[in-house]
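Architecture at a glance
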Amino acid sequence: MVMACRVLNKKRHLGLQQLSAFADAGRTFLGPVKASKFIVDEESHESVLVSSVVRLVESLDLSSATGQLLREAVQAQDHTYRTGTSTLLSLVGAWSGAAVDCLHLGVPVSLIVSGMAEGLTSCIEEVVSLQVPLCNVLDPVDNTETPSGLESFSVGVCPFLQIPADPGLIPKEHDLNNSASQPLAVSSLSGGTVKPANLLRPRVTVEADKNTPPTPQTLRGGLPADTRCRKAVLAHSRHCGKVCDDRWTRSPGGVLEHREAATPQPPRCRDLVELVAGLSHGDPSSMRLAEGAAQLQRRNAGVHHGHRAAPWTFDISRVVTCCFPGLPETYSCVCPGYTTVVSVSCTALLEDIRNRPLRVILVEGDLTENYRHLGFNKSANVKTVLESMKELQQGSSEELWTNHALQVISKFTVDLVLVQGNVSEHLIEKCNRQKRLVVGSVKAGVMQAFAEASGAEAVAYITQVTESAVGRGVYVSWQSVPPGVGDGAGRVAVTLEAEGMNLVTVMLTGPVAAQMQSREDRFWACAHRLRHALEEQRVFLGGGAVEFLCLSHLHRLAGQPPEGGDPIRSGGLPGSTVWLASSLALHRPTVLKCLADGWHSYLSTLMCNSATCSSEFEARTVIQRHLQSATGSGSPSSYILNEYSKLNSGMSNSGVSDKLEQMPTVYDVVTPKIEAWRRALGLVLLVLQTDSEIITGLGHTQIKSQDSEGFLFL
């Protein structure tokens, strides 16, 4: 696969230049307004549509050592958190450029590494002040109705870095009574409302609470501007233990108080409606589905425990997706049980087994004649000899195996066979003629859910089936696609349910088949953001707020001398020489400012991709103006919180105050974001030091300058 080309200087740290070039290819994936890309293969001229960083690195030809390290870092972030890869890639590009700038300014590599590591560690400590606790967001709610206010929300960057959108694009009135006129999951595949007795019966209905007054306080938990707050002093912190501005005074009780005004505190997220709106990140439709899956799973857990007060967690392993291309996105829904797609030729079979308890068996691996379990060793020099010509006349070995499998299925009167791997097409056809449904490619989590609910025991081979391995009490329902709608493949959606099975399926639809992978990725990103927020019970103020705080904090830190009492933290070593100490004092501000420039570049990209600024120059101008205001305030974190409180109270702009009240507070998950920062800087420093070893290693003086152009480092 190919991407935009960039001229690389082979004499100067090629790895850092490669990282910057790779990151530029994914700039459009940062922020709520994303732009998809076509990746074209030079040899076959085939193309693939990608809409995320993960799919980008999978499609690009990253054969170099630097590219492989980048792919591993992105995949590690995705496998662990399923979110934060766009932040990782953007910061890799920004900090690669910052490291190159430091090298051009003559900063030694060792001081770049220690200075950047110190700066990021200090930033992580500083942004704790922008964490928002989740207070009672999982209070008991009606099991049949789940309020959702995502339909009327638009998501942008943090408010003080935001230029108000066109007033015509913002709804003039926000009425919670009518905010969810379109239900989330009550629409069947035929477009009509599904009754409880029909397919997907206990669906989640996402509607607004009619008893909730349409006030901003119901959507966000802001504190009044005149609330008196106090800030405790942390004696062990080098940042909070000293007064950095004459506007603060220390009281006898050991707290810092502002002389002029009260210190604003982070707003509190008080309900699930506000949380999912803030975590949607420009994709409210996917977040609605994630919220519906969580609410349905929570309701099923409450029914299972008899409505007793028990801790509930969003179990993402019990949520599966089913993609159905060809239908409009409005057909997407959330339903209990396991929903999959089968051929339309099974319609008569499905009609015959509908609404009656089925006997089920679970088969691990493939259900084919030549399947052998992992670790099976075929005996050498052994030939199978048929005992009579009668067996030879019965057909091939596959035919013999198929007939034997049918005998086992018929012996135990099995109606449903769930297979984790592939299934023989010949066996499926014969089972359909005998009114027995076979479903393949079932995930391990789904198999486990059916085993717990039906009492079935999974087997590796069909010959291992016994009466005790057969499960009971599974019900099947199905819904055909309306005539003229769909991709023409002739398929039907089948839902399998069992009593007490806490499994949720999210049905994803879309008119373009090439976008279904992106649609599924976006849903999982929203689902995992919601899961991380509920598990940690805290979120960050999003939309660039924490990054802006890091930017302003590094500028302030660059003007302060390093702490002599902590040589490890300050970049030195115990017993370091006077020369090293003087070099550290000389280059430390430069390294921290270059690191801050990386945050500046990140924020400008975020604002451009949020439709807030029309150009990078405009974005940088807005950021610089607010940076000066935050620095002049004496407390950048208080400045950020004060701007959020202005937004909550409608005081940010008198001309559009009634419209700003309708914009939700943007949130972001804590641990995935911080780990993305650490992975990004770790990758940049690793490549920086590796480049340095190659360029300044032994024998470099023997290489002539005119010959070095031909070397491709890394």
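Let me sum up the structure you'll find in this document.

Moving on, we come to the packing of helix 14 (residues 545–558) against helix 16 (residues 616–633). It is at 10 Å that the axes of helix 14 and helix 16 come closest, and there the two elements cross at 60 degrees. One way to sum up the angle between helix 14 and helix 16 is to call them oblique. Crossing hand, helix 14 versus helix 16: right-handed. Across the interface between the two elements, Phe-548, Leu-551, Ser-552 and His-555 from helix 14 touch Ile-623, His-626, Leu-627 and Ala-630 from helix 16. Of the residues assigned to the contact of helix 14 with helix 16, the class counts are five nonpolar, three polar and no charged.

A word on the packing of aromatic side chains. Throughout the structure, instances matching the rule amount to six aromatic pairs. Between Tyr-338 and Phe-450, the ring centres sit 6.4 Å apart and the planes meet at 90 degrees, which makes this aromatic pair edge-to-face. Here Tyr-338, found in strand 11 (residues 338–343), pairs with Phe-450, found in helix 12 (residues 444–454); they are 112 residues apart in sequence, far enough to count as distant. When the ring of Trp-599 is compared with that of Tyr-602, the centres are 6.3 Å apart and the planes differ by 85 degrees; the resulting orientation is edge-to-face. Taken as a pair, Trp-599 and Tyr-602 lie in helix 15 (residues 578–608) at a separation of three residues, close to a single helical turn. Across the pair, Tyr-602 and Trp-599 agree in class, each one buried. Of the aromatic side chains, those joined through ring pairs into one cluster are Trp-95, Trp-599, Tyr-602 and Trp-677.

The sheet built from three strands is open, its strands ordered 9-17-10 with mixed pairing. Since the sheet does not close on itself, it has two edges, and those belong to strand 9 (319–325) and strand 10 (333–336), each with one partner. The sheet shows a mean angle of 25 degrees between the axes of neighbouring strands, taken without regard to direction. Helix 13 (residues 516–536) contacts strand 9 and strand 17 (504–510) of the sheet and is inclined by roughly 155 degrees relative to strand 9.

With antiparallel pairing, three strands are arranged side by side in an open sheet as 3-18-19. Of all strands in the sheet, those with a lone pairing partner are strand 3 (131–133) and strand 19 (667–668), marking the two edges. Both strand 18 (residues 538–541) and strand 19 contribute to a ladder of two bridges, which runs antiparallel. Across the sheet, the residue bridging to Phe-540 is Asp-668, located in strand 19.

Moving on, we come to the packing of helix 5 (residues 109–126) against helix 14. Running from N to C, helix 5 and helix 14 cross one another at 125 degrees; their axes reach a closest spacing of 10 Å. In terms of orientation, helix 5 lies oblique with respect to helix 14. Read as a crossing pair, helix 5 and helix 14 show a hand that is right-handed. Here Gly-119, Ser-122, Cys-123 and Glu-126 of helix 5 come into contact with helix 14, specifically with Leu-549, Cys-550, His-553, Leu-554, Arg-556 and Leu-557. Across the contact of helix 5 with helix 14, the residue classes break down as five nonpolar, three polar and two charged.

Scoring rules and cut-offs
Residues numbered from 1 in each chain as written. Predicted model: local features only at pLDDT ≥ 70, side-chain atom pairs only at ≥ 80, totals over all residues. Heavy atoms only, no water. Axes fitted to C-alpha atoms, helices over the stretch in contact; angles between N-to-C directions. Helix = DSSP H or I, 4+ residues; strand = E, 2+ residues; numbered from the N terminus. Parallel < 35°, antiparallel > 145°, perpendicular 65-115°, else oblique. Left-handed = near helix turned anticlockwise from the far one by under 90°. Contact = heavy atoms within 4.5 Å. Nonpolar A, V, L, I, M, F, W, Y, C, P; charged D, E, K, R; others polar. Phe/Tyr/Trp six-rings, centres within 6.5 Å; stacked < 30°, edge-to-face > 60°. Buried < 20%, exposed > 50% of the residue type's maximum accessible area, 1.4 Å probe, protein only. Pairing = 2+ DSSP bridges.

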